Amino acid sequence: MSLPTPILDRPIRFALVGCGRISKNHIEAIQAHQGRAELVAVCDHKPEHLAAAQALTGAPGFVSLDALLASDCAPDVVVLATPSGLHPQQAMQVAAAGIHVLSEKPMATKFDEGMAMVRACRDAGVKLFVVKQNRLNATVQRVKQAIEQGRFGRIYLSTVNVFWTRPQSYYDAAPWRGRWDLDGGAFMNQASHYVDLLDWLVGPVDSVHAYTATLARDIEAEDTGVMSVRLRHGGLGSINVTMLTFPQNLEGSITILGEKGTVKIGGTAVNKIEHWQFAEPHPDDEAVQKASYETGSVYGFGHPLYYDNVIKTLRGEASAQVDGYEGLRSLEILIAAYRSARDGQRVGLPLVF
């Protein structure tokens, strides 16, 4: 199969499908690369969301993906910021039209559907990008660098905490939220990026044992969960998640405890390096505190950096940092956790069907 022809003589053309909560981050990220990227269409079945996106961007609007694909707007990439359970079918439809796909997290709510997305894009000869913007946070990049430099020595224990709050009104505002088929719960939706960070930084994951509970929200899926993991290199890890923190978001953190180093990235969304200590000093240590930043958003500021890689990939200047295959890794862990919680047993990876 021939590789896609690099796009060098014009900006990359993006169409955004889904104009809800996360759409502003995508719009701002595309605008940040003016001259290299342009938004050529927006799409949403809700008139108020579509009207707001059109007013913000000036891009033509469409009420359905079918209408967008039948138009002459000719996007190079369709961005899927729709409910997670819709991503697989939409991605396959976009791929069949010969257009690249950029999917928000999680790429799917079922592992077999995630694999179907990857196969469809592969067979159509188009790229599948999966958004994992938290990897690009300056704080996380510092930790990744320290791991690659071997500064921790053997890593013994890694712990992720996502202590946020989502009131009942959040779920009621969009009926798909908290549904098994379209969204999943606290693990699948809110903690998806953090599951990815654990696997990316200290994985791969060997096995999972999880408990989930729906303690206070009127939803199908869980509002609280705990997950224990054994890592392939022998270390252990845990992920603790709740959307019931009083009275507001408290912490989105990862702590890594190693033979020769201890680090914690905290804040509400891994935005602050709260502890950084190693047995051996390194010139990078002086710049560590500069990596911390303030944010009022749990999404962070990684979307423009993620789009930079997408643009460079389609221009033939880089390889995709997070493609469909990479996106499947965290989805597999999430599905393993749900199976474990359902069946009351440890689930090993890779999943066997």
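Residues numbered from 1 in each chain as written. Predicted model: local features only at pLDDT ≥ 70, side-chain atom pairs only at ≥ 80, totals over all residues. Heavy atoms only, no water.

J.: Please clarify how the sheet that holds strand β6 (residues 128-130) should be interpreted in this entry.
T.: Within a sheet, neighbouring strands are paired by backbone hydrogen bonds and run either parallel or antiparallel to one another. Sheet architecture is open: 6 strands sit in the order β3-β2-β1-β4-β5-β6, paired in parallel fashion. Every interior strand has two partners, whereas the edge strands, β3 (61-62) and β6, have only one. Note that strand β5 (residues 100-103) and β6 share 3 bridges and pair parallel. Across the sheet, the residue bridging to L102 is F129, located in β6. (Pairing = 2+ DSSP bridges. Helix = DSSP H or I, 4+ residues; strand = E, 2+ residues; numbered from the N terminus.)

J.: Just checking my understanding: could you explain the sheet that holds strand β14 (residues 347-348) for this structure?
T.: Strand order across the open sheet formed by 8 strands is β13-β12-β11-β7-β10-β9-β8-β14, with mixed pairing between neighbours. Bordering the open sheet on either side are β13 (272-278) and β14, each of which pairs with just one other strand. As defined by bridge partners, strand β8 (residues 205-213) adjoins strand β9 (residues 224-231) across 8 bridges and the pair is classed as antiparallel. By the bridge assignment for β9, V205 is matched with L231. Across the sheet, helix α6 (residues 138-148) touches β7 (155-163), β11 (251-258), β12 (261-266) and β13, and the angle it forms with β13 is around 20°. (Contact = heavy atoms within 4.5 Å. Axes fitted to C-alpha atoms, helices over the stretch in contact; angles between N-to-C directions.)

J.: What is the right way to read the packing of aromatic side chains from this model?
T.: Two aromatic rings are characterised by how far apart their centres lie and by the angle between their planes. Inspection of every chain in the model, using the stated rule, returns 6 aromatic pairs. Note on W164 and Y194: the rings are 5.7 Å apart at their centroids and 80° apart in plane angle, and the pair reads as edge-to-face. Of the two residues, W164 is situated in the loop between β7 and α7 (168-172) and Y194 in helix α8 (residues 192-202); the sequence distance between them amounts to 30 residues. Of the two residues, W164 and Y194, both sit in the buried class. Taken together, the aromatic side chains of F152, W276 and F278 make up a single cluster linked through ring pairs. Over the face of the ring belonging to Y170 we find R177, whose NZ or CZ atom lies 4.1 Å from the ring centre. (Phe/Tyr/Trp six-rings, centres within 6.5 Å; stacked < 30°, edge-to-face > 60°. Buried < 20%, exposed > 50% of the residue type's maximum accessible area, 1.4 Å probe, protein only. Lys NZ or Arg CZ within 6 Å of the ring centre and 35° of its normal.)

J.: Could you clarify how one ought to interpret the nonpolar core in this entry?
T.: When a protein is soluble and globular, its nonpolar side chains tend to lie buried together. Core analysis: the largest hydrophobic core is formed by 107 residues, its most contacted members being F14, L102, M107, V208 and M227. Sorting elements by how many residues they give to this core places helix α10 (residues 324-343) first, with 8 residues. Those residues within four positions of L102 in sequence are excluded, and the remaining contacts are F14, H26, V77, V78, V79, L80, F129, V131, Y306, Y307 and V310. (Core = buried A, V, L, I, M, F, W, Y, C linked by side-chain atoms within 4.5 Å.)

J.: I'm lost on helix α4 (residues 87-96) in this one. Help?
T.: Residues lying three or four places apart along an α-helix face the same way, a consequence of the helix completing one turn every 3.6 residues. Every buried residue of α4 is listed here: H87, P88, Q90, A91, V94 and A95. Projected down its long axis, α4 shows its buried positions confined to an angular sector of 165°, all on one face. When the buried face of α4 is taken as reference, the exposed residues oriented beyond 90 degrees from it are Q89 and A96. Next to the buried residues of α4 lie α3 (65-70), β4 (77-80), β5 and α5 (111-124). Once α4 finishes, G98 follows within two positions and takes phi at roughly 80°, a positive value. (Arc of directions from axis to C-beta.)

The analysis is restricted to geometry; functional conclusions fall outside its scope.
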